[in-house]
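Structural features, examined
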Amino acid sequence: MRRRLRPILLSVGVLLALTGMLWIGQGLGYINWPRSSFMLGDGAWADYGAALAVAGLLMILLGRRLRR
C-alpha cells in the first residue's frame, strides 16, 4: 500500500505547490498570464495560493517520510 501511496503523494504535492506558486504570482501581479484571468492583481488569490502551496509542501513531506 505504501509503495503506491508515496509516488501519488509526491506527484500531487508537487502539482499543488506549483499551482499555489502560480496563484501567488498572479494574485500579486507578477505573472500576467493568461491576460484575461480574473485572478490578476487580486490579493485574495495570493492568499489562496499560499495555502495551496503549503498543503502541497506538506504532502511532499509526508510522501518523503513514508518508508520505501
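Coordinates for the structure precede this section.
Scope of this entry: the structure provided in the associated data block. (Residues numbered from 1 in each chain as written. Predicted model: local features only at pLDDT ≥ 70, side-chain atom pairs only at ≥ 80, totals over all residues. Heavy atoms only, no water.)

As for the overall build of the protein
In terms of helices and strands, the protein carries 2 helices and 0 strands. In terms of C-alpha radius of gyration, the protein reaches 14 Å, well past the compact-globule figure of 11 Å for 68 residues. Dimensions along the principal axes, computed over C-alpha positions, put the protein at roughly 45 × 20 × 15 Å. If you take every contact in the protein between residues at least 6 apart in sequence, the share linking residues at least 24 apart comes to 56%. (Helix = DSSP H or I, 4+ residues; strand = E, 2+ residues; numbered from the N terminus. Rg over C-alpha atoms; globule rule 2.2 N^0.38 Å. Contact = heavy atoms within 4.5 Å.)

Focus on unusual backbone geometry
Glycine aside, the phi torsion of most residues is negative, and most peptide linkages are trans. Here the amide bond leading from W33 into P34 is cis, since omega sits at -10°, within 30 degrees of zero. Looking at the secondary structure, you find P34 in the loop between α1 (2-28) and α2 (43-65).

Concerning a nonpolar patch on the surface
A contiguous nonpolar patch, built from V14, L18 and M21 and spanning about 270 Å² of accessible area, is present on the exposed surface. Relative to the assigned elements, L18 resides in helix α1. (Patch = residues over 30% accessible without salt bridge, like charges linked within 9 Å, V, L, I, M, F, W, Y side chains within 5 Å. Areas by Shrake-Rupley, 256 points an atom, 1.4 Å probe, with all protein chains shown as cover. Salt bridge = Lys/Arg side-chain N within 4 Å of Asp/Glu carboxyl O.)

As for the environment of T19
You can see T19 is positioned in helix α1. For the pair T19 and D42, spaced 23 residues apart in sequence, the C-alpha to C-alpha distance is 16 Å.

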